[in-house]
Amino acid sequence: MTIQVRALAGLPLARGGLDRHGEVRSRPGVLDELRSDPTVRAVVLRGRRALVTGDALELMMPSVLPEPELLVYLGRTTEEDRNTPVGTGILLWKLADDDAASITDDESRWLDLRRSGHLLSDQDVGVLATSLAIAGWHEAEPFCAHCGSPTTVRNAGWARYCPVDGTELFPRMDPAVIVAVVDPAGRILLGSNAMWEHNRYSLLAGYVDAGESLEQAVVREIFEESGMRLGTPVYLGSQPWPFPRSLMLGFVAPLADDQDPEALVPDGQEILDLRWFTREELEDPSTDVILPGPSSIARAVIDDWMSGSWSR
Ligand SMILES: [Zn+2]
C-alpha cells in the first residue's frame, strides 16, 4: 500500500514570526542594554501564562515593569504588529506571581498557549512558544549536570554556566513522534488515553527513546500502544509543544501489508481504547467523540486527513 501526503504547512504552534538574532546573545551586557532601550518591548509571563489584550500579546515597555525572575532576549519581530515596527527587540520578562498580579489579576488577561495558541497571530505564536520553551528549561535545569552546583544564566538567557567546573548547559527539547495510522479502507486509528475523559480520542504518540531514529520510534510506539505493525512512515511536519518542552514530529503510516486492522491490542495502561474511524463518523454532527484541541498537531493532522487531501 502506498500513501501520498503533502507536508503540513502552518501547523498551529509552528507559524514562526521571530528572528532569533542569535549573534548578539553572547555580547557582554546585552540584556542591560536591551532593557534600557526605549524601543524594546517585553512579553510578560506569569507561571506558564502570558499577558494579553484580547487575543494579542501585550508587549510592555521594560521600564514600567517590576524586576523579573527570568529575563531572556528572544529576538526581533519580523512583522509589523500593532504599535511595534519590524525589527522590534523582544524580551521575555517572567514575573513572580505577586508581581504579575500587581499588573492585573483579571484572569482573562493571562493566556494559556495550549488552550488558545490557535487564536494568536503568527508572530505572537512564535514569541510565546519560544518563551514557554526557554522558561520551562530554566525551571527544570537550574543545577549543573556534572557536579550539582547551582548554575548562572548566560548568553542573554540561552545558556547556563557552572562556576565550579565550567560546564555550559543549553536549552533542550524532547522529541516525540505522533502518528496518523491509516488502514487499507482509508480509516484512521485513534486512541483514548487513560488520563482523559472516556470519549476523547487522538493520534497515538510517544517520546523517542535514547539511541532511536524517528522512524524506529514511530514503529515501536505504535506496536506497543496498539499491536499494529506498520509499513514505512512518512514525515508530515513538526511543532513545538512547550508543556513543558516537547517537540512534536508528525507522521502518517500505513499498516504492514499482512497486518489485520481488527487485531488491535490497546496497551491497557496508557491507551485504554482504540478505534478505527471513517471520515463520515468524525464529521457526523451527532458524534460524541471529542477530538484534540485546535492548537495541537494532532488536530491539524486529523483535520488534514478529514479534508480528503491524502491519496491512497
Ligand atoms: Zn558543575
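Residues numbered from 1 in each chain as written. Predicted model: local features only at pLDDT ≥ 70, side-chain atom pairs only at ≥ 80, totals over all residues. Heavy atoms only, no water.

**With respect to the domain arrangement of the protein**
Per the domain assignment, the segments making up the protein are domain 1 (22-140), domain 2 (141-172) and domain 3 (174-306). Of note, the centres of domain 2 and domain 3, computed from C-alpha atoms alone, are 36 Å apart. (Domains from an automatic or database assignment.)

**Describing the layout of surface pockets**
Considering only enclosed or pocket space, the largest pocket measures out at about 860 Å³ in volume. If you go around the largest pocket, you meet 32 residues; those closest to its centre are Arg 114, Trp 196, Ser 202, Trp 241 and Met 248. When contributions to the lining of the largest pocket are tallied by element, the ones reaching two or more residues are helix H3 (113-116), strand S11 (174-182), strand S12 (188-193), strand S13 (204-207), strand S15 (246-254) and helix H7 (297-306). Broken down by class, the residue content of the lining of the largest pocket amounts to 18 nonpolar, eight polar and six charged. Mapping the lining of the largest pocket onto the domain boundaries places at least three of its residues in each of domain 1 (22-140) and domain 3 (174-306). By volume, the second largest pocket amounts to about 300 Å³. The element best represented in the lining of the second largest pocket is helix H4 (residues 122-140), accounting for five residues. Taken together, the residues of the lining of the second largest pocket sort by class into ten nonpolar, four polar and three charged. A domain-level breakdown of the lining of the second largest pocket finds at least three residues from each of domain 1 (22-140) and domain 2 (141-172). (1 Å grid on protein atoms, 1.4 Å probe; cavity = no way out; pocket = protein on both sides within 12 Å on 5 of 7 lines; lining within 4 Å. Points joined across faces, edges and corners; volume = space filled by probe spheres on them. Helix = DSSP H or I, 4+ residues; strand = E, 2+ residues; numbered from the N terminus. Nonpolar A, V, L, I, M, F, W, Y, C, P; charged D, E, K, R; others polar.)

**What about the side chain of Gln 239?**
Mapped onto the secondary structure, Gln 239 falls in strand S14 (residues 234-241). By relative accessible area, which is 1% here, Gln 239 ends up buried. Here Leu 13 takes part through its backbone nitrogen, which lies 2.6 Å from a polar atom of the side chain of Gln 239. When near neighbours in sequence (up to four residues on either side) are disregarded, Gln 239 contacts Leu 11, Pro 12, Leu 13, Ala 14, Leu 247, Met 248, Ser 295, Ser 296 and Ile 297. (Buried < 20%, exposed > 50% of the residue type's maximum accessible area, 1.4 Å probe, protein only. Polar contact = N/O pair within 3.5 Å; in protein donor to acceptor, adjacent residues only side chain to side chain. Contact = heavy atoms within 4.5 Å.)

**A short note on the coordination of the zinc ion**
Protein coordination at the zinc ion: the donors are Cys 144 (SG), Cys 147 (SG), Cys 162 (SG), Asp 165 (OD) and Asp 165 (OD), at 2.2 to 2.6 Å from the metal. In primary sequence terms, the donor set of the zinc ion follows C-x2-C-x14-C-x2-D. Here Asp 165 lies in the loop between strand S9 (159-161) and strand S10 (168-169) and Cys 147 lies in the loop between H4 and strand S8 (152-154), a separation of 18 residues in the sequence. Relative accessible area serves as the criterion here: at 38%, Cys 147 is assigned to the partly exposed category. (Donors = N, O, S within 2.8 Å, 3.2 Å for Na, K, Ca; no water.)

**Thoughts on the sheet that holds S10**
Pairing between the strands of a sheet comes from backbone hydrogen bonds, and it takes one of two forms, parallel or antiparallel. Spatial ordering of the open sheet is given by S8-S9-S10, a layout of three strands whose pairing is antiparallel. Bordering the open sheet on either side are S8 and S10, each of which pairs with just one other strand. Direction of pairing for S9 relative to S10: antiparallel, over a ladder of two bridges. Paired with Arg 160 across the strands is Leu 169, a residue of S10. Sitting on the sheet, H4 touches S8, S9 and S10, and the angle it makes with S9 is about 20°. (Pairing = 2+ DSSP bridges. Axes fitted to C-alpha atoms, helices over the stretch in contact; angles between N-to-C directions.)

**Observations concerning H4**
Over its 19 residues, H4 runs 27 Å from end to end, which matches the ideal 27 Å to within 8%, given 1.5 Å per residue. With 16 of its 19 residues buried, H4 lies for the most part within the structure. (Expected span 1.5 Å × (residues − 1).)

**Digging into the packing of aromatic side chains**
Scanning the entire structure with this criterion turns up three aromatic pairs. Pairing Tyr 235 with Phe 251 gives two aromatic rings, centres 5.5 Å apart and planes at 65°, and the pair type is edge-to-face. Taken together, the positions of Tyr 235 in strand S14 and Phe 251 in strand S15 put the pair 16 residues apart, joining distant regions of the chain. Pairing Trp 241 with Phe 243 gives two aromatic rings, centres 4.7 Å apart and planes at 80°, and the pair type is edge-to-face. Given a relative accessible area of 15%, Trp 241 falls into the buried group. Its guanidinium or amino end placed over the ring of Tyr 161, Arg 154 lies 3.6 Å from that ring's centre, counting from NZ or CZ. It is Arg 275 that lies over the ring of Tyr 201; its NZ or CZ is 5.5 Å from the centre. (Phe/Tyr/Trp six-rings, centres within 6.5 Å; stacked < 30°, edge-to-face > 60°. Lys NZ or Arg CZ within 6 Å of the ring centre and 35° of its normal.)

**Overview of a negative patch on the surface**
A contiguous patch of negative charge, built from Glu 280, Glu 281, Glu 283 and Asp 284, is present on the exposed surface. Here Glu 281 shows up in helix H6 (residues 279-283). (Patch = residues over 30% accessible without salt bridge, like charges linked within 9 Å, V, L, I, M, F, W, Y side chains within 5 Å. Areas by Shrake-Rupley, 256 points an atom, 1.4 Å probe, with all protein chains shown as cover. Salt bridge = Lys/Arg side-chain N within 4 Å of Asp/Glu carboxyl O. Lys, Arg positive; Asp, Glu negative; His and termini not counted. Charge placed at Lys NZ, Arg CZ, Asp CG, Glu CD.)

**Notes on the environment of Leu 31**
Mapped onto the secondary structure, Leu 31 falls in helix H1 (residues 30-35). The exposure class of Leu 31 is buried, given its relative accessible area of 18%. Distance in space between the C-alpha atoms of Leu 31 and Gln 123 is 22 Å, their sequence separation being 92 residues.

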